[in-house]
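One letter stands for each residue in the lines below.
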Amino acid sequence: MSVESKPEDVRIGVFVCHCGLNIAGVVDVKDVVDYARKLPNVVFAIDNRYTCSDPGQEEIKKAIKEYNLNRVVVAACSPRMHEFTFRRCVAEAGLNPYFFEMANIREHCSWAHPSHPKEATEKAKELIKIAVAKARLLQPLEPIKVPVTPTALVIGGGIAGINAALDLAEMGFKVYLLEKKESIGGHMAQLDKTFPTLDCSICIEGPKMVDVARHPNIEIISFADLVKVEGYIGNFRVVIRKNPRYVLEDKCTGCGECAAVCPIEYPNEWDMNLGVRKAISVPFPQAVPLVYRINRDYCIECYKCVDACGPRQAINFDQKPEEIELKVGAIIVATGYDIYLPEEGNLYGYGKYSNVITSLEFERLILAAGPTGGHVVRASDGRRPKSVAFIQCVGSRDVNKHPYCSNFCCMYTLKHTIQLKEHYGDDVEVYVFYMDMRSHFKGYEEFYQRAREMGVNFIRGRVSRVVEDPKTKNLIIYAEDTLLGEPIELEAEMVVLATAAVPSKGSDELARLLNIPRGADGFFLESHPKLKPLDTAVDGIFLAGACQGPKDIPYSVAQGCGAAARAATILSKPSVTIEPIIAVVDPEKCRNTKVKCGICAMRCPYGAIKAETGKPAEVTPAMCHGCGTCVAECPADAITQMHFTDAQILAQIDAALEDNPEDKILGICCNWCAYAGADLAGTSRFEYPPNIRIVRVMCSGRVDRDFVLHAFRKGAGMVLIGACHPYDCHYIDGNLKMRVRMDALAKALEKLGLTPDRFRVEYVSAAEGVKFAQIIREMAAKLKEIGRERIIQENEKLRPHLERMLSKRR
Amino acid sequence: MPVKIVKKEDENSLTLERILYTKHYTLSLDRSRCIGCELCKDACPKEAIKIVKPENLEAVSESMPKKITVTVLEDKCNFCGICSEICIFGAFGQSVNGEVWVPVLKSESFPQIVHEVKVDVAKCPPGCRICEEECPLHLINVRFNGSGRVSEVNVDVDRCPGCRVCEVKCPYDAIHARKILTGSIKINSDICPEGCRRCVDACPIPSVLSISEGGKVVVNDLFCVYCGACRNACPVEGAIEIKRMSIRHAPVKSGAWNKALERLTSTEGMVKELRSKSTSRVCDSVRRLRVGGRVRR
């Protein structure tokens, strides 16, 4: 197989599919085949009833052998449907799988234009011409294989991270469990009971924590921060800084004699600052690893602990932060959530009135091992409250704070009400102010019933404000009972706020280190909300638990186990294969050798490009996802995206605009959203005018401004760029980079005299077939309105400018 | 829950509170007792105490005192209680949940400073009030019984800095006080500005400092308690030199005390004390550090 086939050597076979009557019912297939046969380099063309069927594929293989074909074009359905099938087919016939191209004459043609069979046939011909034009320039590509380090890093030692680590370790992989705090356990270790069964939280989590510590395949790295992450799927290089505890991990026995003699106390953050801990201490008795820590912010260095530790010599005041480097094949992010504290603005009096607390603080109060020994008492006078009001959705479901639902607040409030009733019976009045009681999942609704039966008062309505009685320190709650439809006023001795769960502190920093996107809510974004809920945009990095959005314990556990399974799909193989449609830099052309450029490195959404001063930029193949944003951004045109080269795309544009360009709309659509939206328009049989010609790219970020300029130079009537919605880009933000580029271009073109409507950038999701059809209808109508004559005139006027702008290229 | 730290400060007092759900820490300073020395500042292990002088004070608050005093930085204080023990004038007090509580004393992380005044009432002549009248800080209260004989001499020992004025003035050898701090004080007359009497005004013990005929300050070492208030008040650096040698205290073994001692006296002072404790190993290591030109704080 020749690597660089010259055009005269290219022997293309075109296979036009009837798809039963799906295509043949509208398009005159015989006519199309005859047309295809006359295209340059096409040496064979034939029609099949079903090209994707076994006999259809056999026919392709036979033709490759018989006619010595070295390129194959199939005109049938969407490449999103069968490109993979036919690539495999040509590979089986001995061709490079990338010597294959598809013309979408079903979704984009016969299904979209059933009432215009004549025009549809013409469009089908042109679509094949476009495909053939690209096929002529196809180059063979080899899949890229990279080795895999069979170890994993789990970031965050909460219940999700614990389960992920345990499962991976059980499968036989070495796991590093990184925890920022002193102990693993996460929020679950802070809780008293768990809903809906009311089992003691630490009693069920504690043994799991110990399992983690004991497992020979797990290494806990606690009280440590992630400093740097480099590399790619199967080959991450991670730098971790272990913060000094001033107590040696291998020597500390966890006896606690040091804490007994320490004179200094400081607020225990783990106790929500309700209680205190010593300057040398563990945050809670069940901590894992059970290693004491000296907080030098508070320590007065009396060295009483050193004496108490005695011959064990576990205390070392000279300990320094230590950086360690790990090599891992996969990373699981399980960094959980934080609880929103409404101090700012003293929402509902929190921070101002001493008897207003959050639910997590209430949790520490009612916990037998907590700072009050399990007695629910008021901060103002230490007395047990006779009436407690719970306010739901504080900061969640609130457009001014966090619009999302925090998922587990309804359930833990129910738990707290039941616990109060169990502890104090009729001696305490319990009120819950709620918006909606969300008790889905197994056993939850029954739990809600139980609370009702125990005499908890549920009041549906949002609380407007809480005011303290300065004498009694009781709280007066003003709310509207939406079921009664009247305002109410209620006095309670304690108010508990169910505050929102927010992304854990440092999520932004972690997102930057790992290069994984976050949603508008600040939680990490999964690769696909339904089908890839555990994957991130970066291959080899997975999500588990509440770092992706608030989750309760069973859900987090399930995700931890799921993420472990996802990571194992990589770790269990000696190598991973990466699609070779990546960016390649031509070191000769790269101007980074002469001037400080590095634009590609800056624009790459994945940090896959390195541009060191004085050296040509370099793409790490395994990190490149093949969006092509760098290719479009490169000012020196030094980068090429394999399988979507400039030459190939320009050839497609040329082919599309060869005849009557003024009547046509040239579309450049991203594979994942706009192209799929056009597919859906066809599948849904939304008709639209047949004068659109779509060129497919993987990401709209690939769209070079030269493509647009070239299209207008060729005389295009209109140009449409179709992209994913702003935060839906499959390549993080390639679409936004395209937008910036195109907004600037649109202004420039308008200045040069282009009617603004002739160039459009649209966001079309894969679900917006209607929108796609509507856009094309609008554009076609506008095209008619502007009129051929004016377009030709405008194009004539534009041409010298375009030539000048494009002169750099050719 | 955010940690509630409340600082209230005015001319007469300062209170710093750390209010947790279960514990309430209070550190209070009685500014009428504070004479603006620097013992607490030097002893504080967290550098949480700052000297405030009237000239840069007015900017802070008008209600602040018109003399040199100290303030506590709320973001640095960890309520260890060292200041309340080291203050020989008894200006600081610390409590937890309303009860006096100095954690460093309980754990012996800091020694009890020994204030000692002994009175032999048997030697007191009837009707004598000399000590009561002479005490510059008014800490002595003499009581008589029905027949006019001295029945009791009450001394507020915790606030007594040990100037020994009472002992020296007592003609009957009935009262004995021990100095808490020992050391030396020297006035560099060359640079002592003429006509200035700030140090004289700052000194809590009259008759320690006085203005000579030449307009310069002279010192009477006998009653000096080496607190350093004069040095703080002096506008010229180096005009007053104070060297503290030792501090009378109950025996403890504590790093925090050693460091405080080093800051309050000198490295030699600390070494001397350590040597007297026969912990030669520590002394050697300290000496090595000094030879190496570095003194670790």
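A quick note: this is a predicted structure, and the numbers were derived from the prediction, not measured.

Undergrad: Break down the overall build of chain B for me, citing the residues and quoting the values.
TA: The helix and strand inventory of chain B stands at 10 helices and 15 strands. Classification of the 297 residues of chain B by burial places 38% in the buried group. Counting only contacts in chain B whose residues sit at least 6 apart along the sequence, the fraction spanning at least 24 positions is 61%.

Undergrad: Can you lay out the nonpolar core for me, pointing to particular residues and giving the numbers?
TA: In this structure, A:A75, A:I332 and A:V495 are the most contacted members of the largest nonpolar core, which totals 356 residues. Look past the residues within four positions of A:V495 in its chain and what remains in contact with it is A:Y348, A:N355, A:V356, A:A389, A:I391, A:V466, A:L475 and A:I477.

Undergrad: Now, about the domain arrangement of chain A: what can you tell me, with residues and values included?
TA: Looking at chain A, the domain boundaries give domain 1 (1-143), domain 2 (144-243 + 321-336 + 504-578), domain 3 (244-320), domain 4 (355-502), domain 5 (582-631) and domain 6 (644-810). Between the C-alpha centres of domain 1 of chain A and domain 2 of chain A there is a distance of 45 Å.

Undergrad: Let's hear about helix α19 (residues 705-713) of chain A: which residues, and what values?
TA: Working note: α-helix, 3.6 residues per turn, so residues spaced by three or four point in the same direction. All names here are of chain A. Counting buried positions along α19 gives 8 out of 9 residues, so the element sits mostly inside the fold. By the burial criterion, the buried members of α19 are D706, F707, V708, L709, H710, A711, F712 and R713. On its buried face, α19 is in contact with α17 (646-656), β35 (665-670), β37 (718-723), α20 (734-751), β38 (759-763) and α22 (788-806). Two residues or fewer after α19 comes G715, characterised by a positive phi angle close to 100 degrees.

Undergrad: Please set out the sheet that holds strand β7 (residues 99-100) of chain B residue by residue, giving values where relevant.
TA: Reading across from one edge, β1-β2-β3-β6-β7 (chain B) is the order of the 5 strands in this open sheet, with antiparallel pairing throughout. Both edges of this open sheet fall to β1 (4-9) and β7 of chain B, since each of them pairs with a single strand only.

Undergrad: Report on the sheet that holds strand β3 (residues 71-76) of chain A, specifying residues and quantitative values.
TA: Residue and element names in this part refer to chain A. Across the sheet, which stays open at both edges, the 4 strands sit in the order β2-β1-β3-β4 with parallel pairing between neighbours. Unpaired on one side and paired on the other, β2 (42-48) and β4 (100-104) mark the two borders of the sheet. The average undirected angle you get between the axes of adjacent strands in this sheet is 15 degrees. Relative to β4, β3 runs parallel, the two being bridged by 5 bridges.

Undergrad: I'd love a proper account of unusual backbone geometry, names of residues and values included.
TA: The omega torsion across A:F195 and A:P196 is -10 degrees, close enough to zero to call that bond cis. Note the cis peptide between A:V288 and A:P289, where omega equals -5 degrees. Note on placement: A:P289 falls in the loop between β15 (280-281) and β16 (293-294). For A:D637, which is not glycine, the phi dihedral falls at a positive 50 degrees. With respect to the helices and strands, the residue A:D637 is situated in the loop between α16 (629-633) and β34 (639-641). Residue B:N97 is not a glycine yet carries a positive backbone phi of 50 degrees. Of note, B:N97 is situated in the loop between β6 (92-96) and β7.

Undergrad: An account of the packing of helix α11 (residues 409-424) of chain A against helix α12 (residues 444-453) of chain A is requested, with residue identities and associated values reported.
TA: Residues and elements named next belong to chain A. Where α11 contacts α12, the two axes come as close as 9 Å, and the packing angle between them is 35 degrees. Here the hand of the crossing between α11 and α12 comes out left-handed. Across the interface between the two elements, M411, L414, T417 and I418 from α11 touch Y444, F447, Y448, R450 and A451 from α12. Taken together, the residues of the contact of α11 with α12 break down into 7 nonpolar, 1 polar and 1 charged.

Undergrad: Run through the interface of chain B and chain A, naming residues and quoting values.
TA: It is common to give the size of an interface as the accessible area that goes away when the parts come together. Tallying the contact residues gives 19 residues for chain B and 24 residues for chain A. When residues of the side of chain B that touches chain A are traced back to their parent elements, those giving at least two are α3 (103-106) and α8 (255-264) of chain B. Partitioning the side of chain B that touches chain A into residue classes produces 10 nonpolar, 6 polar and 3 charged.

Undergrad: Go over the pairing of strand β2 (residues 13-19) of chain B with me, naming the residues and quoting the values.
TA: All names here are of chain B. Alternating positions in β2 separate cleanly, L14, L16 and R18 being buried on one face and S13, T15, E17 and I19 remaining unburied on the opposite face. Bridge count for β1 against β2 is 6 bridges, and the pairing is antiparallel. Residue V6 lies in a different strand from β2, and its bridge partner there is E17. The antiparallel pairing of β1 with β2 creates a hairpin that spans 3 residues between the two strands. Inspection of the sheet shows β2 paired to strand β3 (residues 24-30) by 7 bridges, in the antiparallel sense. In the sheet register, I19 faces β3, and the bridge partner there is H24. Between the end of β2 and the start of β3, which pair antiparallel, lie 4 residues.

Undergrad: Account for the environment of B:S147, with residues named and values stated.
TA: Tracing the sequence through the fold places B:S147 in the loop between β9 (140-144) and β10 (150-155). Taking C-alpha positions, B:S147 is 9.6 Å from B:G127, a pair spaced 20 residues apart along the chain.

Undergrad: Outline the confidence of the model for chain B, listing residues and values.
TA: Residue and element names in this part refer to chain B. For chain B, the mean per-residue pLDDT works out to 87, and 89% of the residues sit at or above 70. Here residues 293-297 is a poorly scored stretch, pLDDT under 50, and it has 6 contacts once near neighbours within four places are set aside; other chains count. The ipTM for the predicted assembly is 0.87, set against a pTM of 0.80.

Undergrad: Would you mind going over helix α1 (residues 29-37) of chain A in detail, with residue names and values included?
TA: All names here are of chain A. Buried within α1 we find V29, V32, Y35 and A36. Along the axis of α1, the buried positions cluster into a sector of 120 degrees, meaning they face one direction only. Opposite the buried face of α1, at more than 90 degrees from it, the exposed residues are K30 and D34. Buried-residue contacts for α1 involve β1 (12-17), β2 and α5 (117-136).

Parameters at a glance
Residues numbered from 1 in each chain as written. Chains lettered and ligands numbered in written order. Predicted model: local features only at pLDDT ≥ 70, side-chain atom pairs only at ≥ 80, totals over all residues. Helix = DSSP H or I, 4+ residues; strand = E, 2+ residues; numbered from the N terminus. Buried ≥ 20, exposed ≤ 12 C-beta atoms within 10 Å, placed from the backbone. Contact = placed C-beta atoms within 7 Å. Core = buried A, V, L, I, M, F, W, Y, C linked by C-beta atoms within 7 Å. Domains from an automatic or database assignment. Pairing = 2+ DSSP bridges. Axes fitted to C-alpha atoms, helices over the stretch in contact; angles between N-to-C directions. Left-handed = near helix turned anticlockwise from the far one by under 90°. Nonpolar A, V, L, I, M, F, W, Y, C, P; charged D, E, K, R; others polar. pLDDT = per-residue confidence, 0-100. Arc of directions from axis to C-beta.

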